[in-house]
Amino acid sequence: MDLQNRSVVITGSGSGIGRACALEFAKEGANIVIADIQLDAAQETVSRITAAGGKAFACGVDVSKPDSVAALVSETIKQYGKIDVLVNNAAVQVNKTIVDTSFDEWNKQMSVNVGGVFLCSKLFLPYLKSTKGNIVNMSSVNGFFVEPSCAGYCATKAAITGLTKAMAIDHGPDGIRVNCICPGYIDAGLAEGYFQSQANPAQSRAEAGKLHALWRIGKPEEVAQVAIFLASDRASFVTGSAYVVDGGFGSGLPPK
Ligand SMILES: NC(=O)c1ccc[n+]([C@@H]2O[C@H](COP(=O)([O-])OP(=O)(O)OC[C@H]3O[C@@H](n4cnc5c(N)ncnc54)[C@H](O)[C@@H]3O)[C@@H](O)[C@H]2O)c1
């Protein structure tokens, strides 16, 4: 989908949805930067891409740290000479109420989930201007359809949806598009962490499926396909949008 030789940076692509995005973008012929705080995991994603004939390199980065993100930008420009697409996907999730959440846990979620989008966007935007590139932020249905015991996380996802719209307005005149995706439950790390935090993880997982009209949770690849569409020229008039990819999450009461 016209992503051949595009330079695509994906944060948090050492696992889950980010890794699926990396593999699917690589299949489209894009050159990928696998940016993750876990360098081993990032290298594993690179191995899978190169084994399939694609092009990628790994970069250990903490998206909440300005110097670390600056190094990611330098390495991207050094290796690929440009950036066309930034996928801000890295996140952490604390499964607690606000009363039980420590100040450090609150700050960590804000600095990784929201601060990471801020920092990566801020430092890559000057380069995206020259390619008329675009940004895809990974938000969540939890930004507007919340659940118990993950209050801080829900707040970060609402912030990302707002930030997406604000950046779209500010940078649209430069030809830069900014969109976000709001997935429902997806079979990946953060959902698994949520299930494990519940009294009965297997039951929690089974019940989560039934919150979706399709009566199942989603696959990371199903989110990746929408990221590819948003990043491609086929979405040339799509900006400031929050794309819901949730199998009909919360569409109504489940059948009896
Ligand atoms: N899994 C779901 O059900 C679900 C639903 C809605 C939205 N999302 C969103 O999708 C994205 C990916 O979630 P996932 O479930 O695939 O999670 P995951 O835990 O599988 O992957 C997250 C990745 O981010 C990396 N990471 C964490 N902190 C980092 C930091 N400071 N700097 C760089 N990398 C860091 C981790 O090492 C990990 O590889 C998140 O933004 C999440 O909010 C997930």
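Quick notes on the rules
Residues numbered from 1 in each chain as written. Predicted model: local features only at pLDDT ≥ 70, side-chain atom pairs only at ≥ 80, totals over all residues. Heavy atoms only, no water. Axes fitted to C-alpha atoms, helices over the stretch in contact; angles between N-to-C directions. Helix = DSSP H or I, 4+ residues; strand = E, 2+ residues; numbered from the N terminus. Parallel < 35°, antiparallel > 145°, perpendicular 65-115°, else oblique. Left-handed = near helix turned anticlockwise from the far one by under 90°. Contact = heavy atoms within 4.5 Å. Nonpolar A, V, L, I, M, F, W, Y, C, P; charged D, E, K, R; others polar. Buried < 20%, exposed > 50% of the residue type's maximum accessible area, 1.4 Å probe, protein only. Lys, Arg positive; Asp, Glu negative; His and termini not counted. Salt bridge = Lys/Arg side-chain N within 4 Å of Asp/Glu carboxyl O. Pairing = 2+ DSSP bridges. 1 Å grid on protein atoms, 1.4 Å probe; cavity = no way out; pocket = protein on both sides within 12 Å on 5 of 7 lines; lining within 4 Å. Points joined across faces, edges and corners; volume = space filled by probe spheres on them.

Contact geometry of helix H1 (residues 16-27) with helix H8 (residues 220-231) gives a least axis separation of 8 Å together with a crossing angle of 55 degrees. As far as their axial angle goes, H8 and H1 are oblique. Crossing geometry of H1 relative to H8 is assigned as right-handed. Residue-level inspection shows Gly16, Ile17, Ala20, Cys21, Glu24 and Phe25 of H1 in contact with H8, the latter providing Pro220, Glu221, Val223, Ala224, Gln225, Ala227, Ile228 and Ala231. Residue classes in the contact of H1 with H8 are distributed as ten nonpolar, two polar and two charged.

Right, let's get into the side chain of aspartate 36. Within the secondary structure, aspartate 36 sits in strand S2 (residues 31-36). In this structure, aspartate 36 is buried with no salt-bridge partner, the nearest side chain bearing the opposite charge being arginine 19 at 7.9 Å. In contact with aspartate 36, not counting residues within four places along its chain, are Gly12, Ser13, Gly14, Ser15, Ala42, Cys59, Gly60 and Val61.

A word on the sheet that holds S2. Read from one edge to the other, the open sheet built from seven strands follows the order S3-S2-S1-S4-S5-S6-S7, with strand pairing classed as parallel. In this open sheet, the two strands that pair with only one neighbour each are strand S3 (55-60) and strand S7 (242-245). Direction aside, neighbouring strands of the sheet carry axes that sit 20 degrees apart on average. Sheet analysis places strand S6 (residues 177-183) next to S7, joined by four bridges and oriented parallel. The residue of S7 that forms the bridge with cysteine 180 is alanine 242. H1 contacts strand S1 (7-11), S2, strand S4 (85-88) and strand S5 (134-138) of the sheet and is inclined by roughly 165 degrees relative to S1. Contacts from helix H4 (residues 103-131) reach S1, S4 and S5, with the element oriented near 180 degrees to S4.

Take empty space enclosed by the protein next. A water-sized probe, rolled over the atoms, reveals where empty space remains. As enumerated under the stated definition, the model contains one cavity of 30 Å³ or more in all. Approximately 40 Å³ is the volume found for the largest cavity. In terms of lining, the largest cavity is formed by Thr11, Val63, Asn88, Asn89, Ala90, Val112, Asn113, Gly116, Val117 and Cys120. Sorting elements by how many residues they give to the lining of the largest cavity places H4 first, with five residues. In the lining of the largest cavity, the residues fall into five nonpolar, five polar and no charged.

Before going further, it helps to examine the layout of surface pockets. Of the volumes computed, that of the largest pocket is approximately 800 Å³. In this structure, the largest pocket is lined by 40 residues; those nearest its centre are Asn89, Ala90, Ala91, Val92 and Leu190. Elements represented by at least two residues in the lining of the largest pocket include exactly H1, S2, H4, helix H5 (151-171) and helix H6 (189-197). Per-element tally for the lining of the largest pocket: the top contributor is H6, with four residues. Residues that form the lining of the largest pocket fall into these classes: 20 nonpolar, 14 polar and six charged. The calculated volume of the second largest pocket comes to roughly 250 Å³. In this structure, the second largest pocket is lined by 17 residues; those nearest its centre are Glu147, Tyr185, Glu207, Ala208 and Leu211. In terms of residue count, the dominant contributor to the lining of the second largest pocket is helix H7 (residues 201-209) (four residues). When grouped by side-chain class, the residues that make up the lining of the second largest pocket number eight nonpolar, six polar and three charged.

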